[in-house]
Amino acid sequence: MEMMPGTSKSRQGPQGFICDSNITVAMTQEKKAPRLFGTNGVRGIVNSDEMDPMFAMKLGMAIGSFMKGKVMIGTDARTSNEMLKSACVSGLMAVGCDVSDCGVVPTPTLQYAVKIAQAAGGVVITASHNPPEFNGIKAIDADGTEMGRENEEAIERIYHEGRFTRADWRRIGQVTQNLTVVDRYIGGILSKVDGLAIRKANLRIAVDCGNGASSLVTPKLLERLGVRYVTLNADPNGAFPGHNSEPVPENAVDLVELVKSGGFDFGVIHDGDGDRTIFVDETGRYLQGDRSLAIVANYICSLKPNRLIVTNVASSQCIEEAVKMAGGRMLYTRVGSPTIARAMMKEGGVFGGEENGGLIFAEFQFCRDGAMAVAKMLEIVAKTGQLSKLNDRIPSYCQCKKKTGCPEGRKQAVLREIEKDAKGLKVDTTDGIKILFDEGWVIIRPSGTEPIFRIFSESKTASRAEELAEKYKKKVEKLVNG
Ligand code: MG
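What you see is a predicted model; the values in this text were computed from it and never measured.

Brief notes about the overall build of the protein chain
Tallying secondary structure elements over the protein chain gives 15 helices and 22 strands in all. At 24 Å, the protein chain has a C-alpha radius of gyration in line with the 23 Å of a compact globule built from 482 residues. With the C-alpha coordinates of the protein chain rotated into their principal frame, the extents come out at 80 × 65 × 40 Å. For the protein chain, the residues scored as buried account for 54% of the 482 residues in total. Taking the intrachain contacts of the protein chain between residues at least 6 apart in sequence as the baseline, contacts between residues at least 24 apart amount to 68%. On the protein chain, roughly 21100 Å² of surface is accessible, and the fraction owed to carbon and sulfur atoms is 50%. With 62 positive and 59 negative side-chain charges, the protein chain shows a separation of 4 Å between the mean positions of the two kinds.

Put into structure tokens, the structure is as follows:
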């Protein structure tokens, strides 16, 4: 609850009343505790107050008190993993949870393990693509999906209120090592792709695992598929000696060079925890994530009419065009992979994802899956031809991304003014405000974690995209300052 003006000397009294020298105000809602989980778990710099063993243990106690059963745990390849995992496992055991320790695994491998083991949930120690000094703790729901906000809030309440279900000494949890999850995960992927077509095509690819957790999965998967490959940075190393673990163009320079040297059908680069994959075509062109999303969506829709594809409202128009070309349908959601995954589950979406390279295959599991994306792209290339040709078939758009500062308390008022200003235009308010023009669109979206607005635009020409983004950035600035 926000502090009311003039009550700065208030203190919380008994029975949920705020007491002041002269006024007593009934609290209209439960006091909101500080948020722990961000858009992708809890993240922080290792051994700062926000991500040290004490925190990991207490959060483990809170997660375990919520999950109440067997918990699968895994880590990416960071140097602080064992320290944080041990602390988190202690917390889980203290509240009576049995723990299955899966070691270093990609996040989707752990998610698959939770689902098939019918565990109460999972924990991944990972900071995904963040620099090496970071680490994080991410909770997985019992169905293997990224935990929804409601459940995260329940865990946060237990944490802040210290309501841990400490176990009797006879019921302390037990920990066992689990060495089978990678093989079972690879087996699961193999059951969802046309392995025969892939084997027959005699493909050769280049793989950059970024010294992350995918090092332990993707090469093995390729061997099982009979695909020849050359690896870069395929040994887990938390110092990230190859490059930082976000699969952006500046980190894909070596991969692009390798693919350009010739003889590869395509290249792939994973992020640190292996839930995202970015592709480089056989000519060495880095494909932005919305291109691979469009290519895979087009293929999946071509297999059966009227299939539903899900992405967020800030995604490129090229995805919708690729889907319509193949007789499919589109559903747009708010930004964020858990939202997309849940919309797919609810509405029967067969495939979805976002432009960052996180692709979700409903037939396998409802979460972003980097290795599954590699296997599916192998099938697509094996059956339909070169990646560069597939990419050229998809219409191209130019995008422009800007941001501008805005205090938290002003965000909603600014949005209302932008909406008023757009009266008479075609508007979509799924997430922020998207304004559609004949020659493109612009979306104005408040960040959920920072005091900023993000302004993205798209059009056929770079100059028009720039013009649209700049125009609305100025409008937002004027409203913030006015
Ligand atoms: Mg990731």
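Quick word on helix α14 (residues 411–421)
Turning to α14, its buried residues number three or more, namely Lys411, Val414, Leu415 and Ile418. For α14, the angular spread of buried residues about the axis comes to 100°, placing them on one side. For α14, the exposed residues set more than 90 degrees away from the buried face come down to Arg416 and Lys420. Here the buried face of α14 lies against β20 (433–437), β21 (440–446), β22 (452–459) and α15 (462–481).

Focus on the sheet that holds strand β10 (residues 204–208)
Taken together, the 4 strands give an open sheet; going across it, the order is β11-β10-β12-β13, and neighbouring strands pair in mixed fashion. Strands with a single pairing partner mark the edges of an open sheet, and in this sheet they are β11 (228–232) and β13 (277–281). For this sheet, the mean angle separating the axes of adjacent strands, direction not counted, is 20°. Note that strand β12 (residues 266–270) and β13 share 5 bridges and pair antiparallel. Across the sheet, residue Val268 finds its bridge partner in β13, namely Phe279.

Details of the packing of helix α1 (residues 53–67) against helix α4 (residues 149–161)
Remark: α1 packs on α4, axes separated minimally by 9 Å, with the N-to-C direction vectors making an angle of 120°. Between α1 and α4, the angle is such that the two are oblique. Along this stretch, α1 crosses α4, giving a crossing that reads as right-handed. Residues Phe55, Lys58, Leu59, Ala62, Ile63, Ser65 and Phe66 of α1 pack against Asn151, Ala154, Ile155, Ile158 and Tyr159 of α4. When its residues are assigned to classes, the contact of α1 with α4 shows 9 nonpolar, 2 polar and 1 charged.

Concerning the sheet that holds strand β15 (residues 329–333)
Ordered in space as β15-β14-β16-β17, the 4 strands form an open sheet in which the pairing is mixed. What marks the edges here is a single partner per strand, and that holds for β15 and β17 (359–361). Recorded for the sheet is a direction-independent mean angle of 20° between the axes of neighbouring strands. Sheet topology places strand β14 (residues 308–312) next to β15; 5 bridges connect them, and they run parallel. In the strand pairing of β15, Asn312 is matched with Thr333. Relative to strand β16 (residues 351–353), helix α9 (residues 289–302) is tilted by about 170°, and along the sheet it contacts β14, β16 and β17.

Section: the environment of Asn391
Position of Asn391 relative to the elements: it lies in helix α13 (residues 387–393). Distance from Asn391 to Leu287, taken between C-alpha atoms, is 8.3 Å for residues 104 residues apart in sequence. If sequence neighbours within four positions are ignored, Asn391 has contacts with Arg285, Leu287, Arg291 and Ile295. Among the polar contacts listed, one links the side chain of Asn391 to the side chain of Arg291, at a separation of 2.8 Å.

A closer look at the side chain of Asp431
Tracing the backbone through its elements, the reader meets Asp431 in the loop between β19 (426–428) and β20. Residue classification places Asp431 among the buried residues on the basis of a relative accessible area of 5%. Here the side chain of Asp431 touches Val335 through a polar contact of 2.8 Å, landing on its backbone nitrogen. Residues contacting Asp431, with those up to four places away along its chain left out, are Val313, Arg334, Val335, Ile443 and Arg445.

Overview of the packing of aromatic side chains
Going through the model one piece at a time under the given rule, you end up with 6 aromatic pairs. Ring plane angle 45° and centroid distance 5.0 Å describe the contact between Phe351 and Phe361, whose orientation is recorded as tilted. Taken as a pair, Phe351 in strand β16 and Phe361 in strand β17 lie far apart in primary sequence, 10 residues in all. The exposure class assigned to Phe351 is buried, which follows from its relative accessible area of 0%. Following the ring pairs from residue to residue traces out a cluster consisting of Tyr112, Tyr185 and Phe364. Of note, Lys58 hangs over the ring of Tyr159, and the distance from its end group to the ring centre comes to 4.5 Å.

Details of the coordination of the magnesium ion
The protein atoms that coordinate the magnesium ion are Ser128 (OG), Asp271 (OD), Asp273 (OD) and Asp275 (OD), at distances spanning 2.0 to 2.2 Å. When the donor residues of the magnesium ion are listed from N- to C-terminus, their spacing reads S-x142-D-x1-D-x1-D. Under the relative-accessibility criterion, Asp273 is labelled buried at 1%.

Section: the domain arrangement of the protein chain
Structurally, the protein chain comprises domain 1 (32–179), domain 2 (184–392) and domain 3 (398–480). Computed over C-alpha atoms only, the centres of domain 2 and domain 3 are separated by 29 Å. Opposite the 11 residues of domain 2 that make contact, domain 3 presents 11 residues. Both sides of the domain 2 and domain 3 interface together cover about 880 Å² of buried area, and 49% of this is carbon and sulfur. It is Val313, Ala314 and Arg334 in domain 2 that bury the most area against domain 3; as a group they hold 52% of the surface buried on that side. The tally of links between domain 2 and domain 3 comes to 2 salt bridges. Between Arg334 and Asp431 there is a salt bridge; the shortest N-O distance is 3.7 Å.

With respect to the side chain of Thr333
Along the chain, Thr333 falls in strand β15. A residue is classified by how much of its surface remains accessible, and Thr333, at 7% relative accessible area, is buried.

Thresholds applied
Residues numbered from 1 in each chain as written. Predicted model: local features only at pLDDT ≥ 70, side-chain atom pairs only at ≥ 80, totals over all residues. Heavy atoms only, no water. Helix = DSSP H or I, 4+ residues; strand = E, 2+ residues; numbered from the N terminus. Rg over C-alpha atoms; globule rule 2.2 N^0.38 Å. Buried < 20%, exposed > 50% of the residue type's maximum accessible area, 1.4 Å probe, protein only. Contact = heavy atoms within 4.5 Å. Areas by Shrake-Rupley, 256 points an atom, 1.4 Å probe, with all protein chains shown as cover. Lys, Arg positive; Asp, Glu negative; His and termini not counted. Charge placed at Lys NZ, Arg CZ, Asp CG, Glu CD. Arc of directions from axis to C-beta. Pairing = 2+ DSSP bridges. Axes fitted to C-alpha atoms, helices over the stretch in contact; angles between N-to-C directions. Parallel < 35°, antiparallel > 145°, perpendicular 65-115°, else oblique. Left-handed = near helix turned anticlockwise from the far one by under 90°. Nonpolar A, V, L, I, M, F, W, Y, C, P; charged D, E, K, R; others polar. Polar contact = N/O pair within 3.5 Å; in protein donor to acceptor, adjacent residues only side chain to side chain. Phe/Tyr/Trp six-rings, centres within 6.5 Å; stacked < 30°, edge-to-face > 60°. Lys NZ or Arg CZ within 6 Å of the ring centre and 35° of its normal. Donors = N, O, S within 2.8 Å, 3.2 Å for Na, K, Ca; no water. Domains from an automatic or database assignment. Buried area = accessible area lost by both parts, 1.4 Å probe. Salt bridge = Lys/Arg side-chain N within 4 Å of Asp/Glu carboxyl O.

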